[in-house]
2 protein chains.
Amino acid sequence: MSAVKGDTPQEEIRRHHLGAVLRQVHLAGPVSRAALANRLGLNRSTILALAARLTAAGLVCEEASGATGRAGRPSLVMRPESGRWYVLAFDVAVDRLAAARVGLGGPVLERREAPRRRSRYADDLDEVVGVLAGFGRELVDAAPRDARCLGAGASYCGLIRAADGMVRLAPNVGWTDLDFAPALSRRLGLGTPVAIGNEAHLGALAEHERGAGVGHRNLVYLHGDVGVGGGIIVGGRLLDGDDGYGAELGHMVVNPFDGRPCNCGSHGCLEAEVGEAALLEAAGRTGGPGGRAGVRAVVEAAENGDETARQALDRVGDWLGIGVANLINLFNPGIVVFGGTLNDIYQSAAPRIHARVEANVLPVSRQVELRTSALRDDATLVGAAELAFSRILADPLDALARTTP
Amino acid sequence: MSAVKGDTPQEEIRRHHLGAVLRQVHLAGPVSRAALANRLGLNRSTILALAARLTAAGLVCEEASGATGRAGRPSLVMRPESGRWYVLAFDVAVDRLAAARVGLGGPVLERREAPRRRSRYADDLDEVVGVLAGFGRELVDAAPRDARCLGAGASYCGLIRAADGMVRLAPNVGWTDLDFAPALSRRLGLGTPVAIGNEAHLGALAEHERGAGVGHRNLVYLHGDVGVGGGIIVGGRLLDGDDGYGAELGHMVVNPFDGRPCNCGSHGCLEAEVGEAALLEAAGRTGGPGGRAGVRAVVEAAENGDETARQALDRVGDWLGIGVANLINLFNPGIVVFGGTLNDIYQSAAPRIHARVEANVLPVSRQVELRTSALRDDATLVGAAELAFSRILADPLDALARTTP
């Protein structure tokens, strides 16, 4: 816990505990006071006082649960005021733009989506910002009159510099610095900054907090798009590295001699061997549609007996298995989650991937669970919402004081 | 910060702050109260009270520094009572056994070392425990009469199960469970448990706290022995994984097609390509001595113009460079440290390693510093001492209450 000069120890502790209670209600609510006391190691009178403050602020409410308590009275549970407090979440993927209004507690209340023209995505900043700001204003206008916006978060398919949120556009489009988040914030005109993160990092965060990885301390998330991104949870926290460029598992070299050229300038990177281009080329489908649709078409063809498609998926599965085995030896995770286009690829190539894991992972670390994303195409959007909620969960009353009415 | 039931918030905070002050004095002392206040974000009256408690417990003392304060008076600095408080540190490497008495504040006060017979190291538990316990008792007997032992820590060249400290002996000797730490504790007879960790994990910890990596949040440490181990610091904390088997970077497959067989059962692992056997074989020196001496002999031969030795080091440097580049893309660290036998190999093969980093690392992450271990052959021993100190740094007064007089 960081100490704040001028705060008394009591105030410091109280701010910390208020955030911890709100986080529990946000991620796991509705939840009883007894369960909260147990999970947070606090006594019931402390929980009572914290609940009273959060209730007075209108962030949570208490209501009777279906279950009854010891004395036969209905037991009270705390739940987030999802209708009153929300964030805006944005997602800039290679082939689509999406936005959603997400309530405290996590429900996606309303959403918008549009395709993104892939051909020119290195210089479509203004167009992307325009579309998303339009979605954002529509979502705010459609919200109930007494609902308030707590912030905004965005997921972007590029490397994000941690220091200032600059989008350092990925190898696939050449290195370009885009000041996306401030531009979106200005165009939205809500007086709220837009927090930003890399799509695979946010996908990992979402799967860890609300998806396949709930309860796991160590998680590896692989996200397939044109390339392959990664998000890794170590000891319960997102691995970011010195500058925010951690978990770039797509650029782990797995095939140093005969490897396919990679857009990063190297060759034999995991992304070069298992990315969209590698799959479509091996399947003889370079002329057709790319993206999620293109990958799904190969998977469906293989399921319908197309031998070329089957072999393409086996080849990709072998390389993916080598990469995943390396990651398991490095991170000793409890779970590996496949998201984006790798969701479909994993379902079709699981036996090849498991065989590689069996062959290459140290026997002591083979207990790991491999599975597809639980949040599927929403993982990055949900992660962007969690990024936007992080300020209020860190210090609820301070964040409310800074929220415009 | 974890909350303890029954503790008042004030007590909780005070325990936390006492540990934080002692940690600063232990790692960076002598240090002035003003510097402590600044680093910990606490006001000077709080520091004064904490310093008084630590001084009363005899853990630190305050004395005049050489510098003078604003009013021309000599300024006071706090330093650890290194002569009064110590831990025992043990190191079980493939080819040597070492022990040291290490004072609070980190000085190695006295040490013992013996060679280990490599040929039978899967079943020399009793012999190893006997030698180390003998060293430990000698070190305790040689300590001043008023000095007190705060605990013991051991570094072991095998995987360590986090849940119970079981040594799950590495692939190089087949999987064997050795209950080493309790056996050493019993034979020592000091009534203190022995904390245990993997040698490369502890080497990373030591380089992070007292060596080449001080001040870095993200660090990758590669440790050469017979095989290649790893220790990785992510966001200031050691990566352990679900079971304690994280950072096994020696078993990252870098050469899946033509790779040399690895003792883990796979082939093309980083360890198989750059470990001791790979180097000695390529240098045509399989009949000679192995271990640190064998590796140093190859490095010296290359420096003296031996072309076969040069080529062997170049080959190992190329593979090491591929592995290191992968690790930089995954962890975006500020520094990569080469320890154990890789210390010597890095010094000789640095140009090949840097060339691979330049070719394979994403441009945004190339600012990383590569260097040799600052603690050299003591890294694992220093890490074992830090492991032993961790209890008193977490909660000084509680740990003292549990220390036998």
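Residues numbered from 1 in each chain as written. Chains lettered and ligands numbered in written order. Predicted model: local features only at pLDDT ≥ 70, side-chain atom pairs only at ≥ 80, totals over all residues. Heavy atoms only, no water.

- Identification of chain A as ROK family transcriptional regulator from Actinocorallia libanotica is taken from an unreviewed UniProt entry.
- Under the UniProt heading Sequence similarities (unreviewed entry), the note attached to chain A is "Belongs to the ROK (NagC/XylR) family." (UniProt positions renumbered as here; feature names shortened; annotations may be inferred.)

### Regarding the overall build of chain A
Part 1 of the reasoning: When you go through chain A residue by residue, the secondary structure sums to 13 helices and 16 strands.
Part 2 of the reasoning: For 405 residues, the compact-globule estimate of 2.2 N^0.38 gives 22 Å, and chain A sits close to it at 23 Å.
Part 3 of the reasoning: Considered along the principal axes of its C-alpha atoms, chain A spans approximately 65 × 50 × 45 Å.
Part 4 of the reasoning: When the 405 residues of chain A are sorted by exposure, 57% land in the buried category.
Part 5 of the reasoning: The centroid of the 43 positive side-chain charges in chain A is displaced by 7 Å from the centroid of its 47 negative side-chain charges. (Helix = DSSP H or I, 4+ residues; strand = E, 2+ residues; numbered from the N terminus. Rg over C-alpha atoms; globule rule 2.2 N^0.38 Å. Buried < 20%, exposed > 50% of the residue type's maximum accessible area, 1.4 Å probe, protein only. Lys, Arg positive; Asp, Glu negative; His and termini not counted. Charge placed at Lys NZ, Arg CZ, Asp CG, Glu CD.)

### So, the interface of chain B and chain A
Part 1 of the reasoning: With 58 residues of chain B at the interface, the matching set in chain A holds 59 residues.
Part 2 of the reasoning: Looking at the side of chain B facing chain A, the largest losses of area belong to Leu-330, Leu-362 and Val-364 of chain B, adding up to 14% of the total buried there.
Part 3 of the reasoning: On inspection of chain B and its partner chain A, the count reaches two salt bridges.
Part 4 of the reasoning: Among the ionic pairs, Asp-240 of chain A bridges to Arg-217 of chain B, the shortest N-O distance being 3.8 Å.
Part 5 of the reasoning: Mapped onto the side of chain B that touches chain A, the elements with two or more residues apiece are helix H1 (9-28), helix H10 (307-331) and helix H11 (341-360) of chain B.
Part 6 of the reasoning: The element contributing the most residues to the side of chain B that touches chain A is H10 of chain B, with seven residues. (Contact = heavy atoms within 4.5 Å. Buried area = accessible area lost by both parts, 1.4 Å probe. Salt bridge = Lys/Arg side-chain N within 4 Å of Asp/Glu carboxyl O.)

### Let's talk about the relation of the copies chain B and chain A
Part 1 of the reasoning: In the superposition of chain B on chain A (RMSD 0.0 Å, axial shift 0.0 Å), the rotation amounts to 180°. As the rotation angle and translation indicate, the two copies are arranged about a two-fold axis. (Least-squares fit on C-alpha atoms with pLDDT ≥ 70 in both.)

### Regarding the sheet that holds strand S9 (residues 167-168) of chain B
Part 1 of the reasoning: Read from one edge of the open sheet, three strands run S8-S9-S10 (chain B), paired in antiparallel fashion. Every interior strand has two partners, whereas the edge strands, strand S8 (159-160) and strand S10 (177-178) of chain B, have only one. (Pairing = 2+ DSSP bridges.)

### Quick word on the sheet that holds strand S10 (residues 177-178) of chain A
Residues and elements named next belong to chain A.
Part 1 of the reasoning: Strand order in this open sheet of three strands is S8-S9-S10, and the pairing throughout is antiparallel. Here the strands that pair on one side only, and so sit at the sheet edges, are strand S8 (159-160) and S10.
Part 2 of the reasoning: Inspection of the sheet shows strand S9 (residues 167-168) paired to S10 by two bridges, in the antiparallel sense. Looking at S10, one finds that Val-167 is bridged to Leu-178.

### A look at the nonpolar core
Part 1 of the reasoning: By size, the foremost hydrophobic cluster in this structure holds 108 residues, and its most contacted members are Leu-222 of chain A together with Leu-222 of chain B.
Part 2 of the reasoning: Apart from residues lying up to four places away in sequence, Leu-222 of chain B is in contact with Gly-229, Leu-249, Leu-270, Leu-320, Val-324, Leu-327, Val-336, Val-337, Phe-338, Gly-339 and Leu-342 of chain B.
Part 3 of the reasoning: Val-25, Ile-47, Leu-150 and Leu-393 of chain B belong to the second largest nonpolar core, which has 35 residues in total. (Core = buried A, V, L, I, M, F, W, Y, C linked by side-chain atoms within 4.5 Å.)

### Details of unusual backbone geometry
Peptide bonds are, in most cases, trans, and in most cases residues other than glycine have a negative phi.
Residues and elements named next belong to chain A.
Part 1 of the reasoning: In this structure, the amide linkage connecting Gly-29 to the following residue, Pro-30, adopts the cis form with an omega of 0°.
Part 2 of the reasoning: Within the chain, Asn-332 stands out as a residue other than glycine whose phi angle is a positive 45°.
Part 3 of the reasoning: Within the secondary structure, Asn-332 sits in the loop between helix H10 (307-331) and strand S15 (335-340).
Part 4 of the reasoning: Residue classification places Asn-332 among the buried positions, given a relative accessible area of 1%.

### Comments concerning the environment of Ala-283 of chain A
Residue and element names in this part refer to chain A.
Part 1 of the reasoning: Here Ala-283 is to be found in the loop between helix H8 (276-282) and helix H9 (291-303).
Part 2 of the reasoning: By relative accessible area, Ala-283 is classed as buried at 8%.
Part 3 of the reasoning: In this structure the C-alpha to C-alpha distance between Ala-283 and Asp-179, which are 104 residues apart in sequence, comes to 38 Å.
Part 4 of the reasoning: Setting aside anything within four residues of it in sequence, one finds Ala-283 in contact with Val-298, Thr-308, Ala-309 and Ala-312.

### A look at the confidence of the model for chain A
Part 1 of the reasoning: Considering every residue of chain A, the mean pLDDT works out to 92; 93% of them sit at 70 or more.
Part 2 of the reasoning: Across residues 1-5 of chain A, confidence stays below pLDDT 50; counting only partners more than four residues off in sequence or on other chains, it has 16 contacts. (pLDDT = per-residue confidence, 0-100.)

### Quick word on the pattern of salt bridges
Part 1 of the reasoning: On inspection of all chains with the given rule, the structure shows 54 salt bridges over all chains.
Part 2 of the reasoning: A salt bridge links Asp-318 of chain B to Arg-352 of chain B; the nearest nitrogen and oxygen atoms lie 3.1 Å apart. With a gap of 34 residues between them, Asp-318 of chain B in helix H10 and Arg-352 of chain B in helix H11 connect regions that are remote in the sequence.
Part 3 of the reasoning: Using a relative accessible area of 33% as the deciding quantity, one classes Arg-352 of chain B as partly exposed.
Part 4 of the reasoning: The network of salt bridges with common partners includes Asp-91, Arg-96, Arg-111, Glu-113 and Asp-378 of chain A.

### Some remarks on the domain arrangement of chain A
Residue and element names in this part refer to chain A.
Part 1 of the reasoning: With domains assigned, chain A is organised as domain 1 (9-80), domain 2 (85-202 + 380-402) and domain 3 (215-374).
Part 2 of the reasoning: On a C-alpha basis, the centroid separation for the pair domain 1 and domain 2 is 30 Å.
Part 3 of the reasoning: Counting residues at the interface gives 13 residues for domain 1, matched by 13 residues for domain 2.
Part 4 of the reasoning: For the pair domain 1 and domain 2, the summed buried area comes to about 1,200 Å², and 69% of that belongs to carbon and sulfur atoms.
Part 5 of the reasoning: A per-residue breakdown of the area domain 1 buries against domain 2 is headed by Leu-22, His-26 and Leu-59, which together make up 46% of the total.
Part 6 of the reasoning: Between the two partners, domain 1 and domain 2, sit one salt bridge.
Part 7 of the reasoning: Asp-395 is the partner of Arg-15 in a salt bridge, and the nearest nitrogen-oxygen pair spans 3.2 Å.
Part 8 of the reasoning: At the boundary of domain 1 with domain 2, the tally comes to four residue pairs in polar contact (both at pLDDT 80 or more).
Part 9 of the reasoning: Of all the secondary-structure elements, those providing two or more residues to the side of domain 1 that touches domain 2 are helix H1 (9-28) and helix H3 (44-56).
Part 10 of the reasoning: Among the elements that line the side of domain 1 that touches domain 2, the one with the most residues is H1, at seven residues. (Domains from an automatic or database assignment. Polar contact = N/O pair within 3.5 Å; in protein donor to acceptor, adjacent residues only side chain to side chain.)

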